[in-house]
Amino acid sequence: MEKINAYEFIDETLGQEGGRFVFNECPNPLLVELNQQASSLISSLCHYAHSEHYTKKPRDVLFEFVASDDFRLFSFVTPQNAEPPVDCFCITATVYPSLLDIFGRMLSHPQVFPDLGKASHEEVERSYFPTLRRSIVRHGVCVPITKTRRIFAATLAELALEILVFHELSHLAVGHIDFKNFISGRNSPHTSGSLEGQNVTYHALEMDADCRSVLLTLNRLLRRMHSVERVPLVRNVPPDHEILCAEAAALYACANRERAVKTLIFVIYVLFRMHFKGVWDPENPTKEQHQDMVLRQTWVKATLWEIFNTRPEYQYDPMKFAREDAEVTHYAEVACGKILATEPNFDYLLSTIKPEVKNKHETYMFNVKEEWSRIRPFLESYKRVSETLPP
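It should be emphasised that the depicted structure is a prediction, and the values quoted were computed from it without experimental measurement. (Residues numbered from 1 in each chain as written. Predicted model: local features only at pLDDT ≥ 70, side-chain atom pairs only at ≥ 80, totals over all residues. Heavy atoms only, no water.)

Just checking my understanding: could you explain the overall build of the protein chain for this structure?
For the protein chain, the count of helices and strands is 14 helices and five strands. Sequence separation of 24 or more characterises 78% of the internal contacts of the protein chain that already satisfy a separation of 6 or more. Surface exposure of the protein chain reaches about 18200 Å², of which carbon and sulfur atoms provide 53%. (Helix = DSSP H or I, 4+ residues; strand = E, 2+ residues; numbered from the N terminus. Contact = heavy atoms within 4.5 Å. Areas by Shrake-Rupley, 256 points an atom, 1.4 Å probe, with all protein chains shown as cover.)

Can you help me understand the packing of aromatic side chains in this one?
Each aromatic ring pair is described using two quantities: the centre-to-centre distance and the angle formed by the ring planes. Tallied over the entire structure, the rule returns 16 aromatic pairs. Ring centres 5.1 Å apart and planes at 75 degrees place the aromatic pair phenylalanine 21 and phenylalanine 23 in the edge-to-face group. Judged by its relative accessible area of 9%, phenylalanine 21 falls in the buried class. Judged by relative accessible area, which is 26%, phenylalanine 23 ranks as partly exposed. (Phe/Tyr/Trp six-rings, centres within 6.5 Å; stacked < 30°, edge-to-face > 60°. Buried < 20%, exposed > 50% of the residue type's maximum accessible area, 1.4 Å probe, protein only.)

What is the right way to read the confidence of the model for the protein chain from this model?
Atom-level detail of predicted coordinates should not be read off regions where pLDDT is low. For the protein chain, per-residue confidence averages 85 on the pLDDT scale, and 87% of positions sit at 70 or higher. Here helix α5 (residues 136-139) stands out as the element of the protein chain with the lowest mean pLDDT, 63, in contrast to helix α6 (residues 147-173), whose mean of 95 is the highest. With pLDDT under 50 throughout, residues 190-196 is counted as low confidence; its partners more than four residues away or in other chains account for 14 contacts. (pLDDT = per-residue confidence, 0-100.)

Any chance you could explain the side chain of glutamate 168 here in plain terms?
By the secondary structure assignment, glutamate 168 is in helix α6. Although glutamate 168 is buried, it forms no salt bridge, and the closest oppositely charged side chain is lysine 180 at an N-O distance of 7.1 Å. Not counting residues up to four positions away in its chain, the partners in contact with glutamate 168 are Leu73, Phe74, Ser75 and Phe89. (Lys, Arg positive; Asp, Glu negative; His and termini not counted. Salt bridge = Lys/Arg side-chain N within 4 Å of Asp/Glu carboxyl O.)

Explain the pairing of strand β5 (residues 86-92) to me, please; I cannot follow it from the model alone.
One face of the sheet, then the other: side chains in a regular strand alternate in exactly this way. Most of β5 is tucked away: seven of the seven residues are buried. Here β5 shows two buried faces, one formed by Val86, Cys88, Cys90 and Thr92 and the other by Asp87, Phe89 and Ile91. Both strand β2 (residues 60-66) and β5 contribute to a ladder of seven bridges, which runs parallel. The residue bridging phenylalanine 65 from the neighbouring strand is isoleucine 91, located in β5. (Pairing = 2+ DSSP bridges.)

Can you help me understand the sheet that holds β5 in this one?
What links the strands of a sheet is backbone hydrogen bonding, and the strands pair in either a parallel or an antiparallel sense. Spatially, β2-β5-β3 is the arrangement adopted by the three strands of the open sheet, whose pairing is mixed. Either end of the sheet is taken by a strand with one partner, and the two such strands are β2 and β3 (73-77). Strand-to-strand twist of the sheet, defined as the mean angle between neighbouring strand axes without regard to direction, takes the value 20 degrees. When β3 meets β5, the two strands line up antiparallel, connected through five bridges. From the neighbouring strand, serine 75 faces β5, where its bridge partner is phenylalanine 89. Here helix α2 (residues 29-52) sits on the sheet in contact with β2 and β5, set at roughly 160 degrees to β2. The strands that α6 touches are β2, β3 and β5; relative to β3, the one it contacts most, it runs at about 25 degrees. (Axes fitted to C-alpha atoms, helices over the stretch in contact; angles between N-to-C directions.)

Just checking my understanding: could you explain the nonpolar core for this structure?
Nonpolar side chains in soluble globular proteins tend to be buried together. Formed by 90 residues in total, the largest nonpolar core has its most connected members in Ile42, Leu99, Phe103, Met106, Leu161 and Phe266. Top contributing element to this core by residue count: α6, with 14 residues. Beyond its immediate chain neighbours, meaning those up to four positions away, leucine 99 contacts Phe71, Ala157, Ala160, Leu161, Leu164, Leu271 and Met274. The next biggest cluster of nonpolar side chains, apart from the first, holds 15 residues, and it includes Trp299, Tyr364, Val368 and Trp372. (Core = buried A, V, L, I, M, F, W, Y, C linked by side-chain atoms within 4.5 Å.)

So what exactly am I meant to see when it comes to the pairing of β3 here?
With five of its five residues buried, β3 lies for the most part within the structure. A two-sided burial pattern is seen for β3, the buried positions comprising Leu73, Ser75 and Val77 on one face and Phe74 and Phe76 on the other.

Honestly, the environment of histidine 361 in this entry has me stumped. Any pointers?
If you trace the backbone, histidine 361 turns up in helix α14 (residues 355-379). For histidine 361, a relative accessible area of 8% gives the class buried. Placed 10 residues apart in sequence, histidine 361 and serine 351 show a C-alpha to C-alpha distance of 9.1 Å. Within the structure, histidine 361 has its side chain in polar contact with the backbone oxygen of threonine 352 (distance 3.2 Å). (Polar contact = N/O pair within 3.5 Å; in protein donor to acceptor, adjacent residues only side chain to side chain.)

I'm lost on the packing of α2 against helix α8 (residues 199-227) in this one. Help?
Working note: a packed helix pair is described by the angle between its axes plus the distance between those axes. Following both chains from N to C, one finds α2 and α8 inclined at 105 degrees, their axes separated by 13 Å at the closest point. With respect to α8, the element α2 is oriented roughly perpendicular. Contact with α2, carried on its side by Leu45, Tyr48 and Glu52, involves Leu216, Arg220 and Arg223 of α8 and no other residues of that element. Of the residues that constitute the contact of α2 with α8, the class distribution is three nonpolar, no polar and three charged. (Parallel < 35°, antiparallel > 145°, perpendicular 65-115°, else oblique. Nonpolar A, V, L, I, M, F, W, Y, C, P; charged D, E, K, R; others polar.)

Teacher, can you tell me more about helix α7 (residues 176-184) here?
Since the α-helix turns once every 3.6 residues, residues separated by three or four places project in the same direction. Residues of α7 that are buried: His176, Ile177, Asp178, Phe179, Lys180 and Asn181. Considering only its buried residues, α7 is in contact with β3, α6, α8 and α14.

As structure tokens, this is what we get:
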């Protein structure tokens, strides 16, 4: 087989997906600045993944920004005859600004996290926008007025970005992309349209990536918890000094395990909520690669419960987590309602647990788990990682 240049293949693939986002050619300075910030964080996540998880089959890990107004991430691998072998994932240039805008609008509402910073200084009018997904290019990004709330909003956006990036890195590291290429017979960054009976297989891969990404984010958040220390009081330092505001935001996010877990639950809910398309309909399941977001969120929460129930090193009572999950999920939906100017809508979540569909939901989850057990052995030859995270 004739060798090809990996980077020429990457350029060709990017061209088919909207083209590379070129920083010095973008006329919008806000997009440039925010994606430069995102680039720094993503680089650190890639380094973390490469150094601690790409141990079985080392490959270069590359990420690219794509020029698109869509909210999308995708990953692909270079063909076997490409040199050098590269794993690549892409993120559209509006993803991180969109996350900042969503959490910025929430923290701009004085009734969302009212005990953080000077919430009364925020203005309700600045928090409202009639959709959670909108054009950042046209409307800009909302920034809370007070420093502490501004920093906390950025912290939540960064956690959401971590989950998304680790999702794509999980697809690559555990061999999902290679396996999908094998069963589909083509090397494509995404699958669209009907999966012709393979949807359960794809759903199993997506849920595995979701669960792995949330676990990696939890581990990093708990590690961050140990590094949060109070700044020594310094005479004549104003209360709104940047350092003190950053300290207050960090303590609010992860001062202890309970804080860290609650923060993660909040971010998970909002991240999935912004993609909810409607209630889950078991009679008309999706035939797309990504299953209903309500199902994915349910799976992630169940995985966290299982981790706390079976892994004593996390030192977290699973029943305590279940209570906090219900509490924070309710609060997060209320927060979403604040910026949408609507009443909280729990129909999405109820569509998976109400009595008339509960059995069908459990059957679906059982089928996905069974499919995951079936395909795991086929992933071994593609995996870049040596360790095994909880299934």
